[in-house]
Structure formats: structure tokens, C-alpha cells
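Each chain, written out:
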Amino acid sequence: MSINSESFESTEKLFVKSNTKNNTAAQNYCRQLSALVSRHADAAKKFLRISRFHAHGIRKGSGTHASSATTLPPQFTSVAARGEWSMGKILDIYFQFAMGGDYYLGRLLTLIAPEDELFDSLPPHWVDEEHPTVREGIEITFGKVVSSHENGEHNPIGVLSFLLASMVHHSDWLLEQMAARPDHPFSNIPILNKPELLKELKDEHLTLKPTVAVKAATGIPPFVAQNRLLRKVLDICVLNHEALGEFKSDLTEAVAEAVDAKVSAEGGVNNSILLGQLSRLRDDIREDLNNTRTALAEQIGNSPATADVRPRGDNTASRIPRPDPS
């Protein structure tokens, strides 16, 4: 929609162009998807059999993941409604699409683990989606889509706002792909070629926190909140464990100091006190020896009589100057 915005001037359909017949969109989509997998066959073959790849496999994989990725999957009616699969004439009549189940299913299809405490994370969105900078980003990114359909029956601004927020949120990865492959189609996304505007949108306007427009996540099962509370309890237990370990060490030292103080006050001696006194005595002796050595060195250095000290092994008598008897 960003790279080929001109093709949406006269249509709202993503795959059908103005000069093509109906019922060809699915064929175009399947053909383009197969070409994409063929270009990246080395990476794709690690996850699927290339010879049996088909677009229907994506629907099959999504349906299997939605119904079997967790022990508490969405209702099958939600999966069937999202995939547009029939459940039979009777069930199709009485079991219809409902938002709650579809919200949960959609969030599950983002591949966030449903038992993760971050399962209710909000998507990237704007602090103020009406801000002029955000509006400028939408117009630059989607061009003709905005000018052609903003005042039409289906105003796309709300959808385009979320699309731009996701692009800005993942812009670092998009720019890495552009740097690795300069001919990559991402290079044609206008917003990625305006670094100053991109930085301002990301640093000042993008958020993952609740706002007036996006107040809370939808489709969240109750056990997610319970998991978050359990995480808080675990963190508190870890802190208590660490504090208890420090308390044991501090308590041992405090008790030892209290016993020593009590024995010393009563004039007694124990092992700890004796070791302390011997340690202080050793330090005092060292200090006295150092002071004596320093004093002797000063006296020798200031004395007018100097001794001719010969190296060890020299048997020649030391000659010491004596006073003249005359």
C-alpha cells in the first residue's frame, strides 16, 4: 500500500487491479506467494517441503496453530469464522462470528505464547494520532491511498495509522534489510527515506502504553493476569530469600560482637578477644620497629663520622677516621 499507493486511486481492493477481472485476485496472490518462496527456497526448505507448498498450507498451518498451540485454544467457531470454513448448514446458522473469540484468536496468531505474562501487550500506536507529525507521516507513507479514499465511504486513516505505527516500531529491522540489499523493495517505502521524521515519530509519538485511543488489550484470557501476579509473588520471594541470606551473615557478626563486648566488659578473655589483642600488639611492635629504624637512619645520615662499609666477603678491616693525636 505504501510502495504502490498509486494503484489504489480507483479501488480499495488489495489484489484486484482496475483492469482485471473478478475472481483472479486469489490466483495472483497464490502465484506471487509461490514465487516468493522459490526465491528464498534455501531458507524455506528448513520449515516446509517445497514440492508440496501451496497458499492453502498457510491457512492450514494457521488453523492448526490456533486450535492446538495451547491447552486453552479459542472456540472452534472462532477459528472457522476467521478461516471462512463451513461447519455445516445447521452450525453455520446458529454459530456466528463474535468479537471476543476473534480477538483472542487474532492475538494468538501473532505467535505470542498465550501463557506469557506479556500476552496482553498493546500493539505499537500513537500517543496522539491526530498530531500533525503523525498525519504528515501517514500522508508521506501512503500517498494516493489517503488522498483518494479519506473522504470516501470507507475512510482508511484508522487502519493506515496502525500500519504506520508498526512500520516505525520495526524500522530498525527494515533499515537493516535495506542496508543488506539496496535493491530490496523496502527502499521504496517513503518514510524510511526520511530519517529525521522517522526519528521524531519513533522517539516522541510512538508508544506501547495505554492511551485515550488504545486503552486496553482485547481478547485476553483471565490466566494472563494471574500469571503476572504470580511473577510479582516470585520476585518478592526472591528478594526475601536474598535478604534472609544477608540477615544470617549480619546476625552472626552481630552476635559475635555482642559476646566479645560482654566478655570484655567483665574483664574476661576468649579466643576472639585474645586474637584481637595479639593482632594489635603485633601492629604496635611493627610501628615501633619502623620508627626506630627511621630514627637510626636519620642519625647515621646526619653523623660527621662515616664508616667505610665493604661488601660481604671482603676481609680488609674497615677504616674508620680517628682524631689526630697531635
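Since the model is a prediction, treat every value here as computed from it, not as a measurement. (Residues numbered from 1 in each chain as written. Predicted model: local features only at pLDDT ≥ 70, side-chain atom pairs only at ≥ 80, totals over all residues. Heavy atoms only, no water.)

Asker: How do you make sense of the overall build of the protein when you look at a structure like this?
Answerer: Secondary structure summary: the protein contains 13 helices and 2 strands in total. The 326 residues of the protein split such that 22% are buried. Taking the contacts inside the protein whose residues are at least 6 apart along the sequence as the reference set, 61% of them involve residues at least 24 apart. Surface summary for the protein: the accessible area is close to 24,100 Å², and the carbon and sulfur share equals 57%. (Helix = DSSP H or I, 4+ residues; strand = E, 2+ residues; numbered from the N terminus. Buried < 20%, exposed > 50% of the residue type's maximum accessible area, 1.4 Å probe, protein only. Contact = heavy atoms within 4.5 Å. Areas by Shrake-Rupley, 256 points an atom, 1.4 Å probe, with all protein chains shown as cover.)

Asker: Got a minute to help me understand helix H7 (residues 132–142) in this structure?
Answerer: Every α-helix winds through 3.6 residues per turn, so residues three or four apart in the chain are directed the same way. Considered for burial, the residues of H7 that qualify are Thr133, Val134, Gly137, Ile138, Thr141 and Phe142. The buried residues of H7 occupy an angular sector of 140° when the element is viewed end-on, so they sit on one face. Against the buried residues of H7 lie strand S1 (125–126), helix H8 (144–149), helix H9 (157–169) and helix H11 (195–205). A positive phi of about 40° marks glycine 143, the residue just after H7. (Arc of directions from axis to C-beta.)

Asker: What is the right way to look at H11 in this model?
Answerer: Taken residue by residue, H11 has Leu197, Leu198, Leu201 and His205 as its buried positions. Seen from one end, H11 has its buried residues packed into an arc of 105°, which puts them on one side. H11 presents Pro195, Glu196, Lys199 and Glu204 as exposed residues on the side facing more than 90 degrees away from its buried surface. Packing partners of the buried residues in H11 comprise S1, H7, H9, helix H10 (171–180) and strand S2 (206–207).

Asker: I would appreciate a short explanation of the packing of aromatic side chains in the present structure.
Answerer: Two measures describe an aromatic ring pair: the distance that separates the ring centres and the angle between the ring planes. Evaluated as defined, the whole model comprises 2 aromatic pairs. Note on tyrosine 104 and phenylalanine 119: the rings are 6.1 Å apart at their centroids and 80° apart in plane angle, and the pair reads as edge-to-face. Taken together, the positions of tyrosine 104 in helix H6 (residues 99–108) and phenylalanine 119 in the loop between H6 and S1 put the pair 15 residues apart, joining distant regions of the chain. For tyrosine 104, a relative accessible area of 10% puts it in the buried group. (Phe/Tyr/Trp six-rings, centres within 6.5 Å; stacked < 30°, edge-to-face > 60°.)

Asker: Would you explain the pattern of salt bridges in this entry?
Answerer: Close approach of charged atoms allows side chains with opposite charge to pair. Under the counting rule described, the total for this entry stands at 8 salt bridges. For aspartate 172, the salt bridge identified is with lysine 202, shortest N-O distance 2.9 Å. Of this pair, aspartate 172 sits in helix H10 while lysine 202 sits in helix H11, placing them 30 residues apart in sequence. Here aspartate 283 and arginine 282 are joined by a salt bridge, their closest N and O atoms 3.7 Å apart. On the accessibility criterion, aspartate 283 (37% relative accessible area) is partly exposed. On the basis of relative accessibility, which here comes to 42%, the residue arginine 282 falls in the partly exposed class. (Salt bridge = Lys/Arg side-chain N within 4 Å of Asp/Glu carboxyl O.)

Asker: Can you help me understand unusual backbone geometry in this one?
Answerer: Residues other than glycine predominantly adopt negative phi, and peptide bonds predominantly adopt the trans conformation. With a phi angle near 60°, glutamate 84 is a residue other than glycine that sits in the positive phi range. When you line up the elements, glutamate 84 lands in the loop between helix H4 (76–83) and helix H5 (89–94). Although it is not a glycine, leucine 111 adopts a positive phi angle of roughly 70°. Among the secondary structure elements, leucine 111 is positioned in the loop between H6 and S1. Leucine 111 sits in the exposed class, given a relative accessible area of 64%.

Asker: It is not clear to me how the nonpolar core should be interpreted in this structure. Could you clarify?
Answerer: The nonpolar side chains of a soluble globular protein tend to be buried, and buried together. One finds Trp126, Ile138, Phe142 and Ile191 to be the most contacted residues of the largest nonpolar core, which totals 22 residues. Put simply, the parts of the chain that give this core at least two residues each are H7, H8, H9, H10 and H11. The dominant element in this core, judged by the number of residues it contributes, is H9, at 6 residues. Ignoring sequence-local partners within four residues, the contact set of isoleucine 191 consists of Gly137, Ile140, Thr141, Leu164, Met167, Leu197, Leu198 and Leu201. (Core = buried A, V, L, I, M, F, W, Y, C linked by side-chain atoms within 4.5 Å.)

Asker: Looking at this structure, how should I read the environment of isoleucine 112?
Answerer: With respect to the element layout, isoleucine 112 can be found in the loop between H6 and S1. Excluding residues that lie within four positions of it along the chain, isoleucine 112 makes contacts with Arg107, Leu118 and Phe119.

Asker: When you look at the packing of H4 against H6 in this model, what are you seeing that I'm missing?
Answerer: Any two packed helices are characterised by how steeply their axes cross, that is the angle between the axes, and by the distance between the axes. Viewed as axis vectors pointing N to C, H4 and H6 meet at an angle of 75°, and their least axial separation amounts to 9 Å. Of the possible angle classes, the one that applies to H4 and H6 is roughly perpendicular. Here Ser78, Val79 and Arg82 of H4 come into contact with H6, specifically with Gly101, Asp102, Leu105 and Gly106. (Axes fitted to C-alpha atoms, helices over the stretch in contact; angles between N-to-C directions. Parallel < 35°, antiparallel > 145°, perpendicular 65-115°, else oblique.)

Asker: I would appreciate a short explanation of the packing of H7 against H9 in the present structure.
Answerer: For the pair H7 and H9, the least separation of the axes is 10 Å and the interaxial angle reads 90°. Looking at the two axes, H7 sits roughly perpendicular to H9. Each of Val134, Arg135, Gly137, Ile138, Thr141 and Phe142 in H7 lies in contact with H9, whose residues at this interface are Ile157, Leu160, Ser161, Leu163, Leu164 and Met167. When the residues that make up the contact of H7 with H9 are grouped by side-chain class, the tally is 8 nonpolar, 3 polar and 1 charged. (Nonpolar A, V, L, I, M, F, W, Y, C, P; charged D, E, K, R; others polar.)

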